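Chain residues, written in single-letter form:
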Amino acid sequence: MGALAPASPGRDGITIEGVGLASIQGDIRFVEAARLMGAQITGEANRLHIRRGRWPLQAIELDCNHIPDAAMTLAVMALYADGTTTLRNIASWRVKETDRIVAMATECRKLGATVEEGADFIRITPPATPAHWRAASIHTYDDHRVAMCFSLAAFNPASLPVRIEDPKCVAKTFPDYFEALFDVCQADAARIPVICIDGPTASGKGTLAAEVAQRLGYHLLDSGALYRLVGLAAGKAGLSTAEDDLRQPDQAQRLGTLAAGLQVRFDGPRIWLDSVEVSDALRSEVAGMAASRVSAVPEVRAALLTLQHGFRRLPGLVADGRDMGTVIFPDAPLKVYLTASAEQRAQRRYKQLISKGIAANIDSLLADLEKRDHRDSSRAHAPLKPAEDALQLDNSGLDVEQSVQQVLNWWQGKTVFSGN
Ligand SMILES: Nc1ncnc2c1ncn2[C@@H]1O[C@H](COP(=O)(O)OP(=O)(O)O)[C@@H](O)[C@H]1O
Ligand SMILES: Nc1ccn([C@@H]2O[C@H](COP(=O)(O)OP(=O)(O)O)[C@@H](O)[C@H]2O)c(=O)n1
């Protein structure tokens, strides 16, 4: 990666700790091969610094007997070279996790390369121009090295998306590989995919969003939790959230300042406010009603904007709320507007609360829910409504899994990959 990524302000290459020029591991000789291709590598006993040097990379012809596994990475680097690269003496690739010669050839071709393969060699000619690159979904053959080395295809000059199927197969040797990669990568936020799931209360947004995020390995933004947190923080600070009070400009201003300074921490489903865990307190109907009131205050909405944008991180985000698709991420490639009848939603909320040991009454839940729907839809700022390009999903007759599958199918249809 250090050899491929161009320098950017304040960042030139990467440093790898824990392996260096004094390493006795055989794979350290990969450094020589990468240098032959143009990477600038310097280092110390236990550390390496890698920078982009020659660009495009130098095509090479190499006997890889001494670095059979690491040489797979050279095959992907060859996609960025200025000619044809031949890797020889790699017959052992055929008898690893999969037939790696076939795997590397097949997947490189999907990306637009011309590949010749033989019993013990692979010859790769990169796409002739950026326009010859293809977006591809890379099959990983349950092979950790295939998954890891093809992640480098994401630096392609056409900025085309690359999907790595079954990325968790890296668990065999480097379970946090993709987290580590995303930590050192900078991506244009506008190119990071977002799936928005908006809709009224108890339609199942949170459940659906969490499940879709989990299946895709994406981050999750429960935007409602932020408004709930503001309601809770207001209570703790002695600020009223009564509707009449919130209409007073100075009260709205105070609430906006409070929202801008929220000290929150998210860890999966657990949430802390000022170092105190508030996960359960946030889910109460009282907190939901307070959230609905404070969320009508423009100063609060404005204060939470940057915080919400900050959730858009690699490899992608699933965001649930009321205005994810209309206001916060209007450029999201997939927007879902989730609905179900008010009776169904009240039933679901009732069961959900009872199962958590929280007392509930179905009639008052239905009344609260209708009141909240009305307030959320009729407010002047970011009202609850489907984005013009949202796909509507009424899940009254669907179970959770069916709803998840529907959204994943829509998502699948959004990116067209070659060779699949
Ligand atoms: N499609 C569905 N069918 C049945 N129950 C569902 C469905 N989706 C969600 N639920 C249940 O409804 C309850 C409310 O869902 P939740 O995700 O909290 O809604 P929201 O985030 O829209 O308020 C949860 O107990 C959830 O398991
Ligand atoms: N993006 C969002 C999310 C929530 N909200 C408000 O915050 C309240 C609580 O949101 P939530 O998503 O946690 O509520 P439920 O749908 O889970 O009941 C909603 O009733 C909305 O008024 C909002 O205005 N904008």
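Along each chain, residues carry numbers from 1 onward, in the same order as the chain's sequence is written. Chain letters and ligand numbers both follow the written order, the letters beginning at A and the numbers at 1. Only residues with pLDDT of 70 or above have their local features reported here, since the model is predicted, and side-chain atom pairs are shown and tallied only from 80 upward, although totals for entire chains, interfaces and linings are computed over all residues. To obtain the side-chain values, all non-hydrogen atoms of the structure were used and water was disregarded.

A.B. asks: Whenever I open this one, the packing of helix α15 (residues 342-355) against helix α16 (residues 362-378) confuses me. Can you help?
C.D. replies: One way to put it is that α15 packs onto α16 with a least axis distance of 9 Å and a crossing angle of 120 degrees. Classified by the angle between their axes, α15 and α16 sit oblique to one another. Crossing handedness for the pair α15 and α16: right-handed. In this structure, α15 contributes A342, E343, R345, A346, Q347, R349, Y350 and L353 to the contact, and α16 contributes I362, L365, L366, L369, E370 and D373. Residue classes in the contact of α15 with α16 are distributed as 8 nonpolar, 1 polar and 5 charged. Helix axes are fitted only over the stretch in contact, all axes being lines through C-alpha atoms; the angle between N-to-C directions runs from 0 to 180 degrees. Only runs of H or I of at least four residues qualify as helices and only runs of E of at least two qualify as strands under DSSP, and these elements are numbered from the N terminus. Roughly parallel here means an angle under 35 degrees, roughly antiparallel means over 145, roughly perpendicular means 65 to 115, and every remaining angle is called oblique. Left-handed describes a crossing whose near helix is turned anticlockwise from the far helix through less than a right angle; right-handed describes the clockwise counterpart. Residues count as neighbours in contact if any of their non-hydrogen atoms are within 4.5 Å of one another. In this count, Pro and Cys sit with the nonpolar residues alongside Ala, Val, Leu, Ile, Met, Phe, Trp and Tyr, while Asp, Glu, Lys and Arg are called charged and the others, Gly among them, polar.

A.B. asks: I would appreciate a short explanation of the domain arrangement of the protein in the present structure.
C.D. replies: How big an interface is tends to be stated in terms of the accessible area lost upon association of its parts. If you check the domain split of the protein, you get domain 1 (62-186) and domain 2 (191-414). Residue ranges assigned to the domains are those given by an automatic or database domain assignment. Distance from the C-alpha centre of domain 1 to the C-alpha centre of domain 2: 40 Å. Note on terms: buried area is the combined drop in 1.4 Å-probe accessible area of two parts once they are placed together, counting the loss on both. The junction of domain 1 with domain 2 conceals about 450 Å² of combined surface from both sides, 50% of it contributed by carbon and sulfur atoms. Of all residues in domain 1, S159, R163 and F182 give up the largest surface area on contact with domain 2, accounting jointly for 79% of the area buried on that side.

A.B. asks: Where do I start with the UniProt feature "domain: Enolpyruvate transferase" (unreviewed entry) in the protein in this structure?
C.D. replies: Look at the UniProt record and you will see "domain: Enolpyruvate transferase" (unreviewed entry) annotated at residues 13-181. A helix fraction of 22% and a strand fraction of 21% characterise residues 13-181, whose end C-alpha atoms lie 13 Å from each other. UniProt positions are given in the numbering used here, feature names are shortened, and annotations may be inferred rather than shown by experiment.

A.B. asks: I keep staring at the site of ligand 1 and nothing clicks. Help me out?
C.D. replies: If a single non-hydrogen atom of a residue is within 4 Å of a molecule or strand, that residue counts as near it. Ligand 1 sits among 16 residues. The nearest are A202, K205, G206, T207 and R349. A distance of 3.4 Å is found between a nitrogen atom of ligand 1 and a side-chain nitrogen or oxygen belonging to R348. L398 places a main-chain nitrogen or oxygen 3.0 Å from a nitrogen atom of ligand 1. For the area figures, the Shrake-Rupley method with a 1.4 Å probe applies, and any residue is considered shielded solely by the protein chains shown. When the free accessible area of ligand 1 is taken as 560 Å², the share hidden by the protein chains comes to 80%. Those elements giving two or more residues to the shell around ligand 1 turn out to be α6 (205-216), α15 and α17 (400-414). Taken together, the residues that form the shell around ligand 1 break down as 4 nonpolar, 8 polar and 4 charged. Any N or O atom pair separated by 3.5 Å or less is treated as a polar contact, with the protein-specific requirement of one donor-capable and one acceptor-capable atom, and with residues adjacent in sequence counted only for side-chain atom pairs.

A.B. asks: Is there a simple way to explain helix α11 (residues 285-294) in this structure?
C.D. replies: Since the α-helix advances by 3.6 residues per turn, residues separated by three or four positions end up pointing in the same direction. Only protein chains enter the accessibility calculation, which uses a 1.4 Å probe. A residue is then buried if its area is under 20% of the maximum for its type, exposed if over 50%, and partly exposed in between. Across the 10 residues that make up α11, a large majority, 8, are buried. Those residues of α11 that sit buried are E285, A287, G288, M289, A290, A291, S292 and V294.

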